[in-house]
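Notes for the structure review
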Amino acid sequence: MGKSLINRKMSKNRLIFGGMVLAALVLLPLAVKNAYMLHLFIMAFIGIVLGMTFSMLFSAGLITLGAGAFYAIGAYGSTLLSTRLGLSFWAALPLSTLITGIVALAIGSIIVRHPGMAFTIISLLFAHVVIQAAGQIEFFGGWGGIIGVERPDPLGPIQFTTKTSFYYLILFLLLLTALVFHALYTSRIGRIWRAIKLSPPLAETLGINLYRYRLLAFVIASSAAGMAGSFYAHYFQMITPEAFGGWLSIYIQLYAVLGGLEFYILGPAIGAVIMTFVPEYLRIAKEMEPIITGVFLLVIILFFSGGILGTLQRFWTAKKTSVLSGKEQL
Amino acid sequence: MALLEIRNLKKYFSGLAAVNDVGFSVNDGEIVGLIGPNGAGKTTLFNLISGFHPPDQGKVIFAGEDITALRADQVARKGIGRTFQASTLFMQSTVFSNVFSAFYRQYRQPGWKAFLHTPKVKREEQAIRKAAMDILEFMGLAALGGELATNLPHGHQRALGICIALATEPRLLLLDEPLTGMNPSETMEIVRKIRQIQEKGITILLVEHNMRAVMDLCDRITVLNYGRKIAEGTPERIRKNREVTEAYLGREEA
Amino acid sequence: MTTALFIQLVVNGLVKGSTFILIVLGLDIILRGTKILNFAHGQFYMLGAYTLFMFCRLWHVNFLLSLVLSGLALVLVGALSYLSVFGVVQRRFTATTPFTYRLLMSAMASVGLMLILQQGTLIAFGTAERGMPSIFPQIITFGDVRLSLEKILIILFSMFICFGLYLLMYKTKLGLAMRTVSFDPEIASLQGINSFWIFMICFALGSALAGVAGGVIAPVFAVTPTMGTHIIFTAFLVLLVGGIGSYKGAILGGVLVGLALSFGFHFLGGISELFVFVFVIIILIFKPGGILGEVLD
C-alpha cells in the first residue's frame, strides 16, 4: 500500500537524521572547548531530562508544577549520601534516584487521586514546601545550601576534572532516559496513558485503573528528575535551595510547550535547547528576561499551540494530500 | 438465569431522586430496552450499573456477583461494556487507534515485558491489531481507519463508540441512545448491527428514543418515568400500556 | 499566654485571613466561572496595592476613593486580560478538546501574564518597598488589649465584601447567570445567556477582588513587586483547604489558615509556614475535597 511506503521512507529519513544529530552531539566536545559553552550544553541536557518528566505526566493527563521538587530531592539525597555517608557518586546516583522514586510513590499515592486542577495546585505547593524545607532546616544546609560535593570518582581512565567528562556523562544519562521513555511510550503503557489523557471516563470503561497508571507515570517521571538532580549536585559541586525553586518548574513546562506538547521526547529537547541558548545570544538585560519569556509564552499559546514541532507537522501534513495513518495531531 | 439484576436502586442528586426504587433483570442473550421520557433517569441508571456513580440504595448483581460497590474500571473488567450518550471518544486519535487502544483486558503479556518489546509482546499486539480491524470491518468503518475521530460525522462517531465497547469483549453491553441523530438508512444499519451483536452472544441493555427500533429489537422492555419503573414486559404489552403512552404524551420529547 | 496576646494573635490571624479570603474568593469565582487556573492572580493583588499606592500616596486622592478607583482599575485589567488572552485561549480550546489541554493552555497563558506583570512592575517601580502611612492609626483599647483600628476595619471590610458577593451571587440575575454558566455552559446558552460576557465578568470581578485585597492591605504591610508571588502559594493552599469550588470553604479556609499562620509565626517563627503547609497537605489525604468543597475535575 502507498501509505506504508511513505512511512518506511520517512522512518528511514528520520533515522538517518537522528543518527547525524547524535553523532554531532557525541563529537561536539572535540570541536567545542570553551568551558562556558560546554556548561550551557550540560545545563540544556539537564533541562531536557526535566522537560521530559513534565511531558511524561502530561502524556497521562497530568499537569505538574512540581518537577523542581524531585529534582531537588534527588540532588539533596545524593549530596547527603556522599557528604554524610561518604558514598561515591556511582553509588549515590542510583540510590538517590531510588530514594526519589520512593518519595514520589508516597506523595504520588496521595496526590494522584485528585487529578486535574487539584493535582496541579498541589504539585506547585509541594515544590514550594520542599524548597522551603531545604532552606529552613539546618540538616539540609539551610538557605546557604551545601558545598563541597565530591566529583564523581574516576571511571576507569575517565577523570571528572574537565567539563568534557561531565558532558558525556549527562549525554549518556539523557539518552538512557530518552530510550526508556520511548520504550514506554511505544508500548501499551504509553497507549494507556494516552487513553487516560484523552478521555478518563472512556478509559475506565475499558477496564483501566486510572490511579495506578497515573501513579506509574508520576513515579517514573519523578525518578528521572531525581537522577538529574543527583548529576547536577556532583557536577556543580554545591547545591542551594534557590537552584531548584523560583521559575524553574515554570520554565520546565515552557520547554515542553515550546517544543511541542505532543512530542514527549523531541519537544522538551528542542524547547530546552532554545531556552538555554537563545537568551545567551540575545544579550537581553537580565531584568527584561522574564518579560520576554512571558510574551514569548503568550505568543506560543495563542498562535502556535502545537509548539515548534507541532507547527512544523501541520505544515508538512498540509503539503501532503493523503492523511498519514496513525499520525496523531494536536 | 438473569445475567444482570437490579434491585431497589435509588440515587439522589441534591435531594431529588433521579432513580427511585428501580428493579428489573436482564437475561442472558436478551436485548432489553430501557425507555422513558427525557429525564426519566435512564442514563443515571447506566451510570449506576457501570460504576460511574455509587447508588444511595439498592444492589446491582451481575452474573451472580454483587458489583454495586465497584468502580467503573472494575465493572468493566467484569465484562460490562458501555457506550455514552455524547460522543465520548479519543477525539485526537485516529479511528483505528481508538479501537486498538480499546483492547486492554485481552493482554496476557505482563506490562514490564511490554516495555521491553519482546517478540511475544509484538505477536500479541499483531493479533490485537487484527482483532481491531475485524471490529472496524464489522461496523463498517474499516475504510476510515486513518481519519481522526473528531473529523467523523456524527453517525460514524456513534458507530465508533460501539466499536470501542465491543473491543472490551463484554458479556453485557449497555448502549446509550446509539441511534440519536442518525438518518433512516444509518438507523437501519445500526439496528442490523445490534441484532448481529446479539447473535454473537452478547446480552444488550438498550436505552433508545426511537420507538420503532426499540419495538423491533427488544425481547423485553422496561419503562421509566421520573425515576420510577412504571411498566415492564414484551413490546406488545408495552405498546398497549396506557400509563406508558400517557407518560410520553404528558412530557416533551427531545 | 495572656488574654491580650491571644486576642492580638486572633485579630492578626483574622486580618491575614481576610486578605486570603478576598484573594481566594476572586480565584474561586474565576475558577468556577471560567475553569481557568489563573496563576497571575497574585499579580492582580499586587497591582491593587500599587494602584492604591499611586492614587493615594502619589496623587493624594482620598483613601476610600483610591480604594474604589483601584478596584475599578483592576476590573479593567481583568477584563482586558480576558479579552486579549484568556478569551482567545478559551475559544481556541473548546469543550471538545480534552480537559488536560484546556487546563494547561490557560494556565500557561496565565503564567506568561504573571511573568510580564511581575517583571513589568519591578522595572517600573523598582524593587524597593513602598510604604504608606497608616490611614487609621488609632488604637482601640479594652483593658490590656490594644488593637489597631486599621486591622479591625480590614476585617469588617472583608466581611462587607463577602456579604456583597453573597447578595450578588445568590440574589441577583447576574449572579444566577454566573452560576448557571459555571454549572453547565450549554444550559446557559439555551437560556440565552451570553457565556462570553459572563466569563469576562467573572474574570473582571475575580481580579477586582484580588486588587481590593491588595489595596486594603497596602497601608498595613509593605508594597513590593514580589508580594504577588509570595501570597499566591498560601492562596492556593487556602483554596485546597476550603475546597475548590466552595465559597464557604474559601472563607472558612482563609480564617483557619490565617489563624494558623498568626499563631504559628508567633511561636515558631518563619518555619511555621512550612508546618502549616505540611499539615494542610496531610488534611488533604483524608479529606480530599478540602473541608467543604467538591473535588472539581
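Cut-offs used in this document
- Residues numbered from 1 in each chain as written.
- Chains lettered and ligands numbered in written order.
- Predicted model: local features only at pLDDT ≥ 70, side-chain atom pairs only at ≥ 80, totals over all residues.
- Helix = DSSP H or I, 4+ residues; strand = E, 2+ residues; numbered from the N terminus.
- Rg over C-alpha atoms; globule rule 2.2 N^0.38 Å.
- Buried ≥ 20, exposed ≤ 12 C-beta atoms within 10 Å, placed from the backbone.
- Contact = placed C-beta atoms within 7 Å.
- Axes fitted to C-alpha atoms, helices over the stretch in contact; angles between N-to-C directions.
- Parallel < 35°, antiparallel > 145°, perpendicular 65-115°, else oblique.
- Left-handed = near helix turned anticlockwise from the far one by under 90°.
- Nonpolar A, V, L, I, M, F, W, Y, C, P; charged D, E, K, R; others polar.
- Core = buried A, V, L, I, M, F, W, Y, C linked by C-beta atoms within 7 Å.
- Expected span 1.5 Å × (residues − 1).
- Pairing = 2+ DSSP bridges.
- pLDDT = per-residue confidence, 0-100.

**As for the overall build of chain C**
- Helices and strands together make up the secondary structure of chain C, namely 11 helices and two strands.
- Seen in sequence order, chain C has helices and strands lined up from the N terminus as α-α-α-α-β-β-α-α-α-α-α-α-α.
- In terms of overall size, chain C behaves like a compact globule, its C-alpha atoms giving a radius of gyration of 19 Å where 297 residues would be expected to give roughly 19 Å.
- With the principal axes as the frame, chain C shows a C-alpha extent of 60 × 50 × 35 Å.
- Burial status across chain C gives 50% buried among its 297 residues.
- When contacts within chain C are restricted to residue pairs at least 6 apart in sequence, those whose partners lie at least 24 apart make up 75%.

**Structural notes on the overall build of chain A**
- Helix and strand content of chain A: 13 helices and two strands.
- Taking 20 Å as the expected radius of gyration for a compact globule of 330 residues, we find that chain A reaches 20 Å, a close match to that expectation.
- With respect to the principal axes defined by its C-alpha atoms, chain A has extents near 60 × 50 × 45 Å.
- In chain A, which comprises 330 residues, the proportion classed as buried is 53%.
- Looking at chain A alone, contacts between residues at least 24 apart form 77% of all its contacts between residues at least 6 apart.

**Quick look at the packing of helix H10 (residues 248-259) of chain A against helix H11 (residues 266-282) of chain A**
Residue and element names in this part refer to chain A.
- Close contact between H10 and H11 brings their axes to 6 Å; oriented N to C, the two are set at 115°. In terms of orientation, H10 and H11 fall into the roughly perpendicular class. Relative to H11, the crossing made by H10 is right-handed. Between H10 and H11, the contacting residues are Tyr251, Leu254, Tyr255, Ala256, Leu258 and Gly259 on the first element and Leu266, Gly267, Pro268, Ala269, Ile270, Gly271, Ala272, Ile274 and Met275 on the second.
- By residue class, the composition of the contact of H10 with H11 is 12 nonpolar, three polar and no charged.

**Considerations on the interface of chain C and chain A**
- On the chain A side, the residues contacting the 40 residues of chain C number 36 residues.
- For the side of chain C that touches chain A, the elements supplying multiple residues, two or more each, are helix H3 (63-92), helix H4 (99-125), helix H9 (227-242) and helix H11 (271-286) of chain C.
- Tallying contributions element by element places H4 of chain C first for the side of chain C that touches chain A, with 17 residues.
- Here the side of chain C that touches chain A is composed, by residue class, of 31 nonpolar, six polar and three charged.

**Examining the nonpolar core**
- Ala217 of chain A together with Cys163 of chain B are the most contacted members of the largest nonpolar core, which totals 280 residues.
- Residues contacting Ala217 of chain A, with those up to four places away along its chain left out, are Met56, Leu57, Ala60, Leu62 and Trp193 of chain A.

**Focus: helix H3 (residues 67-84) of chain A**
All names here are of chain A.
- Here H3 spans 25 Å end to end across 18 residues, near enough to the 26 Å set by a 1.5 Å rise per residue.
- For H3, a buried count of 16 out of 18 residues is recorded, marking the element as mostly surrounded by other parts of the structure.
- Gly86, located one to two residues past H3, shows a positive phi value of around 70°.

**Let's talk about helix H8 (residues 195-217) of chain C**
- With 23 residues, H8 of chain C should reach 33 Å at 1.5 Å per residue; the first-to-last C-alpha distance of 33 Å fits that figure.
- Across the 23 residues of H8 of chain C, 20 count as buried, placing the element largely inside the fold.

**Topic: the sheet that holds strand E2 (residues 16-27) of chain B**
Residue and element names in this part refer to chain B.
- Within the open sheet, the four strands sit side by side as E2-E1-E4-E5. Their pairing is antiparallel. The open sheet has two edge strands, E2 and strand E5 (65-66), and neither has a second partner.
- Two elements, strand E4 (residues 57-62) and E5, share two bridges in a ladder whose sense is antiparallel. Paired with Phe62 across the strands is Glu65, a residue of E5.
- Each of strand E1 (2-13), E2 and E4 is contacted by helix H1 (residues 42-49), which is oriented at about 65° to E2, the strand it contacts most.

**Remarks on the environment of Leu174 of chain B**
Residue and element names in this part refer to chain B.
- As for its position among the elements, Leu174 is in strand E7 (residues 172-176).
- Distance from Leu174 to His154, taken between C-alpha atoms, is 19 Å for residues 20 residues apart in sequence.
- With near-sequence residues (within four places) excluded, Leu174 lies in contact with Phe46, Ile49, Ser50, Ile80, Gly81, Arg82 and Leu205.

**Quick notes on the pairing of strand E3 (residues 31-35) of chain B**
Residue and element names in this part refer to chain B.
- Within E3, five of the five residues are buried, which leaves it mostly tucked inside the rest of the structure.
- Alternating positions in E3 separate into two faces, Ile31, Gly33 and Ile35 on one and Val32 and Leu34 on the other, with burial throughout.
- Pairing between E3 and strand E8 (residues 203-207): four bridges, direction parallel. Across the sheet, the residue bridging to Ile31 is Ile204, located in E8.
- Sheet topology note: the E3/strand E9 (residues 220-225) ladder contains four bridges and is parallel. Bridge pairing links Ile35 to Val223 in E9.

**Details of the sheet that holds E8 of chain B**
Residues and elements named next belong to chain B.
- A sheet is described by the order of its strands in space; here six strands give the open sequence E6-E7-E8-E3-E9-E10, paired in mixed fashion. Since the sheet does not close on itself, it has two edges, and those belong to strand E6 (80-82) and strand E10 (228-233), each with one partner. Neighbour to neighbour, the strand axes of the sheet diverge by 20° on average, direction disregarded.
- Helix-sheet contacts for H1 involve E3, E6, E7, E8 and E9, and the interaxial angle to E7 is about 150°.

**Focus on the environment of Lys122 of chain B**
Residues and elements named next belong to chain B.
- Within the element layout of this structure, Lys122 appears in helix H5 (residues 119-139).
- Given 12 C-beta atoms within 10 Å, Lys122 falls into the exposed group.
- Each C-alpha atom, one on Lys122 and one on Gln109, is 9.9 Å from the other, the two residues being 13 residues apart in sequence.

**Let's talk about the packing of helix H2 (residues 41-58) of chain C against H3 of chain C**
All names here are of chain C.
- At a minimum axis distance of 8 Å, the contact between H2 and H3 shows a crossing angle of 140°. When the axis of H2 is compared with that of H3, the two are oblique. For the element pair H2 and H3, the recorded crossing hand is right-handed. Facing H2, whose interface residues are Phe44, Leu47, Gly48, Thr51, Leu52, Phe55 and Cys56, H3 presents Phe63, Ser66, Leu67, Leu69, Ser70, Ala73, Leu74, Val77 and Gly78.

**Brief notes about the pairing of E4 of chain B**
All names here are of chain B.
- Bridge analysis of E1 against E4 gives five bridges, and the strand direction is antiparallel. Looking across to E4, one finds that Lys10 is bridged to Gln57.
- Hairpin remark: E4 followed by E5, antiparallel, with two residues in the connecting loop; positive phi at Ala63, about 50°.

**A few points about unusual backbone geometry**
All names here are of chain B.
- Positive phi values are uncommon outside glycine, yet Ala63 reaches one of about 50°.
- Considering the arrangement of structural elements, one finds Ala63 in the loop between E4 and E5.
- Judged by the 16 C-beta atoms lying within 10 Å of it, Ala63 falls in the partly exposed class.

**Comments concerning the confidence of the model for chain A**
Residue and element names in this part refer to chain A.
- For chain A, per-residue confidence averages 87 on the pLDDT scale, and residues scoring 70 or more make up 93% of the total.
- Per-element confidence in chain A ranges from a low mean pLDDT of 76 for helix H1 (residues 2-31) to a high of 96 for helix H9 (residues 210-236).
- Predicted confidence is poor over residues 321-330, with pLDDT under 50, and the contacts of this stretch with residues over four places away or in other chains come to 21 contacts.

**Some points on the environment of Ile164 of chain B**
- Along the chain, Ile164 of chain B turns up in helix H6 (residues 154-167).
- Those residues within four positions of Ile164 of chain B in sequence are excluded, and the remaining contacts are Asn98, Val99 and Ala102 of chain B.

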